[in-house]
Amino acid sequence: MLDKRVTIDDIVAEIRDGMTVGIGGWGSRRKPMALVRALARSSVKDLRLVSYGGPDVGILCRAGKVREVVYAFVSLDSIPLEPHFRNARQSGAVTTMELDEGMFLLGLQAAAWRVPFLPTRVGLGSDVMRLNPGLRTVRSPYPNPGEVGGEDLVAMPALNLDVALIHMHRGDQGGTGQYLNVDPYFDDLMCMAARRRFMSVERIVDTADFAKVGPVQSIRINRLMTDGVVETPHGAHFTECVPDYPRDEVFQRAYTASAKSEEAWDEFRAKYVDVTEAEYQAAVGQ
Amino acid sequence: MTRDGAPTRAEVCAAAIADCFAPDGEILANPIGTLPVIGGRLAKATVAPELVMTDGEALLVENIIPIGVDAPEKVIAGWNPYRTMFDVVWSGRRHVMMGASQIDKWGNQNFAFIGSPEAPRTQLLGMRGAPGNTINDTTSYWIPAHTTRVFVPAVDVVSGVGYDRARDLGPEASRFHRLGHVVTNLCVLDFATPDHRMRLRSVHPGVTVDDVVAATGFELAIDGDVPTSRLPSDDELHWIRDVIDPNGLGEEEVPNP
């Protein structure tokens with residue numbers, strides 16, 4: 001087994017201007033925030049983000065790293081609308097690809113399976129088609145029973161990622177990952193849709209320890225899916241990472257308040273973004 | 001009872017929402033929002049125990065769990081992570097009740113954004129699952145504050161597909177599209193008209209037809225005398241007050257007039 005341990009800086013160094021970056025988790029849940037913060041203080045720009053979005057999208061938009069957001073929602077869950085993403089959208093600072101949550105899944109799945117698109121009924125009749133003029137429909141070659149022709153379906157294009165960033169509860173040094181909460185989200189698909197795949201984990205453990213803390217199904221990320229792993233304890237903070245820790249609602253409210261003015265953001269940024277990971281964890285009381 | 005007295009407006013809404021899900025059979029009843037969850041669980045607790053419901057996240061639960069209570073006891077009967085939810089939706093075994101920032105007479109719904117796509121005046125939730133929900137399964141809507149800001153002549157963005165759009169798609173592509181009811185703090189609406197225009201189905205006790213018309217930014221179909229929404233039964237009040245919503249969150253969402 002290879003030793004795939006890397007540092008946060010190694011991962012950020014792989015990300016270049018203009019790349020398409022997929023970020024795992026869902027809303028304000030199990031986001032690779034240590035990696036996101038490092039990206040926010042890097043010199044990278046013009047990223048295209050693909051995310052079931054939460055504060056990952058908000059922080060990177062606010063830090064000026066983003067050209068386009070491919071999204072179905074950007075939410076903090078307990079605070080439904082992500083304040084920094086809202087500001088970025090309403091000022092026209094970022095463009096978007098507006099997708100249904102399920103089309104998003106199909107785009108990642110198509111990329112993972114190396115096919116150019118997957119057909120779906122989803123999107124028909126909605127403004128997903130108007131807002132994405134490049135989206136095409138395909139005619140099924142197979143007639144439905146009792147019908148003459150085949151039906152028209154949306155051809156959801158593959159969402160090919162340059163880099164995927166995910167956060168798991170446990171990992172080993174070979175790049176296998178285990179989640180211990182109730183939902184794997186789409187982290188495995190994010191990895192399979194990407195050229196380079198990086199995983200932060202709460203704790204690096206011996207491979208033999210996975211089966212001691214969860215069922216085999218929890219070992220969702222196998223090492224075919226990853227290129228690097230880094231241990232970042234408390235690294236999903238302030239998003240939810242149960243059972244290790246809940247969402248930090250107090251901090252999330254402070255984060256939300258930082259969208260109210262330039263001064264508020266500058267203060268937040270100085271204290272919580274433009275600092276090392278160790279300084280951040282000390283600042284939030286770890 | 002933890003709360004006494006005559007049924008409140010919120011409890012009338014909960015009963016109306018329960019009636020939306022009651023005839024569905026063995027499907028996933030998936031109400032989103034405070035009173036939708038209360039009403040959905042009320043249907044399962046009373047007349048429709050066959051409904052399959054979640055804990056609001058990734059578990060299917062068979063018992064009636066309270067809202068707004070930390071770590072309620074759950075009788076877990078299934079695992080339904082987000083990825084599995086798409087299997088349910090796309091196979092046609094769900095009835096969702098969603099919110100709407102805007103809705104028009106055909107039931108086109110918007111909660112994505114208001115204004116231009118390049119720089120919206122107001123960025124809202126995004127498309128979420130609305131396009132997929134509406135093209136695959138029955139969809140109902142819950143509007144806690146019925147106003148002309150929500151009930152508009154034309155929505156800025158179509159996230160949930162309405163009946164005019166479905167008709168334009170043709171019978172094949174739209175064969176799974178169906179809108180159920182629109183329940184609001186004032187009334188119940190449906191699409192039971194020849195061309196599926198929105199119709200006033202009932203007004204809640206204490207609300208007049210004129211109240212609803214004044215709060216709606218387009219012409220509603222109104223045939224004859226509009227009935228009054230039913231009151232919840234004593235059994236339903238027990239379920240709402242003692243079991244499903246012990247902290248009265250529904251009363252916060254729709255205050256009693």
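Residues numbered from 1 in each chain as written. Chains lettered and ligands numbered in written order. Predicted model: local features only at pLDDT ≥ 70, side-chain atom pairs only at ≥ 80, totals over all residues.

### Quick look at the overall build of chain A
Item 1. In terms of helices and strands, chain A carries eleven helices and eleven strands.
Item 2. A compact globule built from 286 residues would reach a C-alpha radius of gyration of about 19 Å, and chain A, at 19 Å, matches this within 12%.
Item 3. In terms of overall dimensions, chain A has C-alpha extents of about 65 × 50 × 30 Å along its principal axes.
Item 4. When contacts within chain A are restricted to residue pairs at least 6 apart in sequence, long-range pairs at least 24 apart make up 74% of them. (Helix = DSSP H or I, 4+ residues; strand = E, 2+ residues; numbered from the N terminus. Rg over C-alpha atoms; globule rule 2.2 N^0.38 Å. Contact = placed C-beta atoms within 7 Å.)

### So, the overall build of chain B
Item 1. Along chain B, the regular secondary structure elements total eight helices and 13 strands.
Item 2. Relative to a compact globule of 257 residues, whose C-alpha radius of gyration would be 18 Å, chain B shows 18 Å and is just as compact.
Item 3. Over its C-alpha atoms, taken along the principal directions, chain B stretches across nearly 45 × 45 × 35 Å.
Item 4. Counting across all 257 residues of chain B, residues that qualify as buried make up 52%.
Item 5. Considering only residue pairs separated by 6 or more positions, chain B has 66% of its internal contacts joining residues 24 or more positions apart. (Buried ≥ 20, exposed ≤ 12 C-beta atoms within 10 Å, placed from the backbone.)

### Structural notes on the nonpolar core
Item 1. Counting residues in hydrophobic clusters, the biggest one holds 145 residues, and the most contacted among them are Leu60(A) and Ala193(A).
Item 2. In terms of residue count, the dominant contributor to this core is helix H1 (residues 9-21) of chain B (ten residues).
Item 3. A domain-level breakdown of this core finds at least three residues from each of domain 1 (8-99 + 159-205 + 218-280) and domain 2 (117-157) of chain A.
Item 4. Residues in contact with Ala193(A), not counting those within four places in the same chain, are Gly22(A), Leu108(A), Ala111(A), Ala112(A), Leu159(A), Asn160(A), Leu161(A) and Ala164(A). (Core = buried A, V, L, I, M, F, W, Y, C linked by C-beta atoms within 7 Å. Domains from an automatic or database assignment.)

### Overview of the interface of chain B and chain A
Item 1. The partner chain A presents 37 residues to the 34 residues of chain B that form the contact.
Item 2. Listed by contribution, the elements that provide at least two residues to the side of chain B that touches chain A are helix H3 (82-90), strand E9 (120-123), helix H4 (130-136) and helix H5 (163-169) of chain B.
Item 3. Looking at the side of chain B that touches chain A residue by residue, the classes come out as 21 nonpolar, seven polar and six charged. (Nonpolar A, V, L, I, M, F, W, Y, C, P; charged D, E, K, R; others polar.)

### A short note on the environment of Ile11(A)
Residue and element names in this part refer to chain A.
Item 1. By secondary structure assignment, the location of Ile 11 is in helix H1 (residues 8-13).
Item 2. With 24 C-beta atoms counted inside 10 Å, the residue Ile 11 sits in the buried group.
Item 3. Note: C-alpha distance between Ile 11 and Met 190 (179 residues apart in sequence) is 16 Å.
Item 4. When neighbours within four sequence positions are excluded, Ile 11 is seen to be in contact with Val 6, Leu 35, Phe 198, Gly 228 and Val 230.

### Examining the environment of Ala145(B)
Item 1. Mapping Ala145(B) onto the fold places it in the loop between strand E10 (138-143) and H5.
Item 2. For Ala145(B), a count of 12 C-beta atoms within 10 Å corresponds to the exposed category.

### Digging into the environment of Asp172(A)
Item 1. Along the chain, Asp172(A) turns up in the loop between strand E8 (161-171) and strand E9 (177-178).
Item 2. Owing to 23 C-beta atoms within 10 Å, Asp172(A) belongs among the buried residues under this scheme.

### Topic: the pairing of strand E4 (residues 95-98) of chain A
All names here are of chain A.
Item 1. Sheet analysis places strand E3 (residues 66-71) next to E4, joined by four bridges and oriented parallel. Bridged to Val 70 within E4 is Met 97.
Item 2. Traced from E3 through helix H4 (residues 83-90) to E4, the parallel crossover comes out right-handed. (Pairing = 2+ DSSP bridges. Right-handed = clockwise from strand over helix to strand, strands pointing away.)

### As for the packing of helix H2 (residues 33-40) of chain A against helix H3 (residues 55-62) of chain A
Axis angle and axis distance: for two packed helices, these are the angle between their axes and the distance between the axes, and together they describe the pair.
All names here are of chain A.
Item 1. Close contact between H2 and H3 brings their axes to 9 Å; oriented N to C, the two are set at 10°. When the axis of H2 is compared with that of H3, the two are roughly parallel. In contact with Val 36, Leu 39 and Ala 40 of H2, H3 contributes Asp 56, Ile 59 and Leu 60.
Item 2. Residues that form the contact of H2 with H3 fall into these classes: five nonpolar, no polar and one charged. (Axes fitted to C-alpha atoms, helices over the stretch in contact; angles between N-to-C directions. Parallel < 35°, antiparallel > 145°, perpendicular 65-115°, else oblique.)

### Considerations on helix H2 (residues 34-45) of chain B
All names here are of chain B.
Item 1. Between its first and last C-alpha atoms H2 spans 17 Å; for twelve residues at 1.5 Å apiece the expected length is 16 Å, and the two agree.
Item 2. The buried fraction of H2 is high, at twelve of twelve residues.
Item 3. Inspection of H2 places Thr 34, Leu 35, Pro 36, Val 37, Ile 38, Gly 39, Gly 40, Arg 41, Leu 42, Ala 43, Lys 44 and Ala 45 among the buried residues, and these make up the whole buried set. (Expected span 1.5 Å × (residues − 1).)

### A word on the sheet that holds strand E2 (residues 53-54) of chain B
Item 1. A sheet is described by the order of its strands in space; here three strands give the open sequence E2-E3-E4 (chain B), paired in antiparallel fashion. Looking at which strands have only one partner, the edges of the open sheet turn out to be E2 and strand E4 (76-79) of chain B.

### A closer look at the confidence of the model for chain B
Close inspection of predicted coordinates is inappropriate in any region flagged by low pLDDT.
Item 1. In the predicted model, chain B carries a mean pLDDT of 97, and the fraction of residues at 70 or more is 99%.
Item 2. Interface confidence for the predicted complex, expressed as ipTM, amounts to 0.95; the pTM equals 0.97. (pLDDT = per-residue confidence, 0-100.)

### Overview of the domain arrangement of chain A
Item 1. By domain assignment, chain A separates into domain 1 (8-99 + 159-205 + 218-280) and domain 2 (117-157).
Item 2. Placing the centre of domain 1 of chain A and that of domain 2 of chain A at their C-alpha centroids yields a distance of 32 Å.

### What about helix H7 (residues 234-244) of chain B?
Item 1. If you check which residues of H7(B) are buried, you get Glu236(B), Leu237(B), Trp239(B), Ile240(B), Arg241(B) and Ile244(B).
Item 2. Against H1 and H2 of chain B lie the buried residues of H7(B).

### A closer look at the sheet that holds strand E1 (residues 28-31) of chain B
Residues and elements named next belong to chain B.
Item 1. One open sheet accounts for six strands, arranged E1-E5-E10-E11-E12-E13; its pairing is mixed. Edge strands, defined here as strands with exactly one partner in the open sheet, are E1 and strand E13 (199-203). Neighbouring strand axes in the sheet, compared pairwise and without regard to direction, differ in orientation by 15° on average.
Item 2. Bridge count for strand E11 (residues 178-184) against strand E12 (residues 187-190) is two bridges, and the pairing is antiparallel. Directly across from Val 183, in E12, lies its bridge partner Val 188.
Item 3. The sheet strands contacting H2 are E1, strand E5 (94-98) and E10, and the helix crosses E1 at an angle near 150°.

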